Amino acid sequence: MSGRERVLGRVRRALADVPRDDTPYERAVARGYLRVHGERTAARAVDLLAENLADYRALVHRCAAGETAGVIARLLAARGSSSVLVPPGLDGNWLPAGGVTRVADRAESTPRELDRVDSVVTGCAVAIAETGTIVLDGSPDQGRRRITLVPDHHICVVRVPDQVVSSIPQALERLTPGRPSTWISGPSATSDIELDRVEGVHGPRTLEVVLAG
């Protein structure tokens, strides 16, 4: 018997005495909370996202959709990146034509190999204005979760305003429950008991977000 079968068996035994006419889970708990805190236009949601991303120490860049490749080329050059990790479904028009080696997202890549990559460029699933959060769900333009956790420099492109929502409830409606998701609010950081902040412990030390639209 597998671990999964054991867990499901215990769940079934725990629910064995629950009446079949019991209140369904989705109606058992009242959820009268606000879905969004105040009304705002799409443009204001994008502005709020930029403000909160910056508050979390992400570096925010805004450009027209056709300028994305130029902005990313500039960011890679400023970083001195000679290699960039590229998910299989990333828009090819976002990357510079030359000057940097493209590294494929491969299942067999080791953590050491990923650590040698200078930068990674991804898209996102959705961005949340109220919390300054970027959500990745492993779609082809985002790749495997680990490629955004090991390299030290992450450039994430958000299509605005289409991929920007105001609140977490609105974001959840856009995500598929069965897909693994990574929620990113600024560069990776932690602090000790004296509140000394250290960045880059659990993921990229530098997060750059390109709001393209």
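Coordinates for the structure precede this section.
First, a word on scope: everything that follows refers to the structure included in this document.

Conventions we followed
- Residues numbered from 1 in each chain as written.
- Predicted model: local features only at pLDDT ≥ 70, side-chain atom pairs only at ≥ 80, totals over all residues.
- Heavy atoms only, no water.
- Helix = DSSP H or I, 4+ residues; strand = E, 2+ residues; numbered from the N terminus.
- Buried < 20%, exposed > 50% of the residue type's maximum accessible area, 1.4 Å probe, protein only.
- Contact = heavy atoms within 4.5 Å.
- Areas by Shrake-Rupley, 256 points an atom, 1.4 Å probe, with all protein chains shown as cover.
- Lys, Arg positive; Asp, Glu negative; His and termini not counted.
- Charge placed at Lys NZ, Arg CZ, Asp CG, Glu CD.
- Pairing = 2+ DSSP bridges.
- Axes fitted to C-alpha atoms, helices over the stretch in contact; angles between N-to-C directions.
- Core = buried A, V, L, I, M, F, W, Y, C linked by side-chain atoms within 4.5 Å.
- Expected span 1.5 Å × (residues − 1).

A closer look at the overall build of the protein chain
Stage number 1. Within the protein chain, the secondary structure is distributed over six helices and twelve strands.
Stage number 2. Reported as C-alpha extents along the three principal axes, the dimensions of the protein chain are approximately 65 × 50 × 45 Å.
Stage number 3. A total of 213 residues make up the protein chain; the buried ones form 39% of that total.
Stage number 4. Taking the intrachain contacts of the protein chain between residues at least 6 apart in sequence as the baseline, contacts between residues at least 24 apart amount to 70%.
Stage number 5. Surface summary for the protein chain: the accessible area is close to 12,400 Å², and the carbon and sulfur share equals 52%.
Stage number 6. Taken together, the 27 basic and 27 acidic charged side chains of the protein chain have centroids lying 6 Å from each other.

Regarding the sheet that holds strand 3 (residues 101-104)
Stage number 1. Spatial strand order, 1-12-7-4-2-3: six strands in an open sheet with parallel pairing. With partners counted over all chains shown, the strands left at the sheet margins are strand 1 (59-63) and strand 3, one partner each. In this sheet, neighbouring strand axes are inclined to one another by 25 degrees on average, regardless of whether the strands run parallel or antiparallel.
Stage number 2. By the bridge criterion, four bridges tie strand 2 (residues 83-86) to strand 3 in an arrangement that is parallel. Bridging across to strand 3, Val86 finds its partner in Ala104.
Stage number 3. Across the face of the sheet, helix 3 (residues 42-55) comes into contact with strand 1 and strand 12 (206-212) while running at roughly 150 degrees to strand 1.
Stage number 4. On the sheet, helix 4 (residues 68-79) packs against strand 1, strand 2, strand 4 (119-122), strand 7 (153-159) and strand 12 and is oriented at approximately 165 degrees with respect to strand 7.

Quick notes on the nonpolar core
Stage number 1. Counting residues in each nonpolar core, the largest one holds 20 residues, and the members touching the most others are Leu49, Ile134, Val158, Val164, Val209 and Leu211.
Stage number 2. When residues in this core are grouped by element, the largest group, six residues, is from helix 3.
Stage number 3. Counting 16 residues, the second-largest nonpolar core is a separate cluster that includes Val71, Leu76, Val84 and Ala212.

A word on the side chain of Asp137
Stage number 1. Mapped onto the elements of the fold, Asp137 is located in the loop between strand 6 (133-136) and strand 7.
Stage number 2. Exposure remark for Asp137: the relative accessible area of 10% places this residue in the buried category.
Stage number 3. Residues within four places of Asp137 in sequence aside, it is in contact with Ala125, Gln142, Arg179, Pro180 and Ser181.

As for helix 4
Stage number 1. Taking 1.5 Å as the rise per residue, helix 4 with twelve residues should run 16 Å; its terminal C-alpha atoms sit 17 Å apart, in good agreement.
Stage number 2. In the core, the buried residues of helix 4 are packed alongside strand 1, strand 2, strand 4, strand 7 and strand 12.
Stage number 3. Downstream of helix 4 by a residue or two, Gly80 has a phi angle that is positive, lying close to 75 degrees.

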